[in-house]
Amino acid sequence: MSSETSSLVNIISRTRISSVLNKDNKQFGKQHLFDGDEETCWNSDQGSPQWVMIEFKQEVIIKEIQIQFQGGFVGKVCTLEKHGDLGNNFVQFYSFHPLDTNQVQIFHLPEATTLSTLKIVFDESTDFFGRVTVYKLDFIGRPS
């Protein structure tokens, strides 16, 4: 089995999100998280927490998360969750604190984590109303 890592976006089977700004899926929907276009984004509606849930076609080992927010609409406190061993409950396994910037930020997980469903929870936002705007989201790792 290869230990090389790469983007896991091509093996995502389903994406769910907590909300979309003004229910405008065409302009701000989840499809913009992975479209590679720097002009498009997912923009949540107001309220905290917001989240993105990713289901992969197979188990993967994630080593790093890459995320690009719009400054002013950044998840201040973010947690990664995966399905627990018992049922569909999610368990937190990592938390990170992005900077309030437009730059792509890379978060290396302290240990490679195997999962098939990943939930990124934006517990707080730098936006007073709790909105989060993400231009790019990527997961670096390999199939399990």
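The sections below set out a description of the structure shown in this document. Values in this document were obtained by computation on a predicted structure and should not be read as measured data. (Residues numbered from 1 in each chain as written. Predicted model: local features only at pLDDT ≥ 70, side-chain atom pairs only at ≥ 80, totals over all residues. Heavy atoms only, no water.)

1. Quick word on the packing of aromatic side chains
Here is the rule we go by: Any two rings among Phe, Tyr and Trp, with Trp reduced to its six-membered ring, count as a pair given centres within 6.5 Å; such a pair is stacked if its planes are under 30 degrees apart, edge-to-face if over 60, and tilted if neither. Starting at the N terminus, helices and strands are each numbered in turn, a helix being any DSSP run of H or I of at least four residues and a strand any DSSP run of E of at least two. Think of it in three bands: residues with accessible area under 20% of the maximum for their type are buried, residues over 50% are exposed, and the middle band is partly exposed, with areas taken using a 1.4 Å probe on protein chains only.
This structure, assessed with the given rule, holds seven aromatic pairs. Both rings, one in Trp42 and one in Phe122, keep their centres 6.2 Å apart while their planes meet at 35°; by these two values the pair is tilted. Within this pair, whereas Trp42 is found in strand S3 (residues 42-43), its partner Phe122 is found in strand S7 (residues 104-125), the two being separated by 80 residues in sequence. Geometrically, the ring pair formed by Phe128 and Phe129 is edge-to-face, given 5.3 Å between the ring centres and 85° between the ring planes. Looking at Phe128, the relative accessible area reads 76%, which means it is exposed. By relative accessible area, which is 43% here, Phe129 ends up partly exposed. Among the aromatic residues, those joined into a ring-pair cluster are Phe34, Phe56 and Phe139.

2. Description of the pairing of strand S4 (residues 50-69)
For the record, the criterion: The rule for pairing is simple: two strands pair if DSSP sees at least two bridges between them.
Where burial is concerned, most of S4 is hidden: 14 out of the 20 residues are buried. Across five bridges, the pairing between strand S2 (residues 12-17) and S4 is antiparallel. Bridging across to S4, Thr15 finds its partner in Ile54. Sheet topology places S4 next to S7; 14 bridges connect them, and they run antiparallel. When the sheet's bridge partners are listed, Gln50 is paired in S7 with Phe122. Bridge analysis of S4 against strand S8 (residues 133-143) gives nine bridges, and the strand direction is antiparallel. Residue pairing for S8: Glu64 is matched across the bridge by Ile140.

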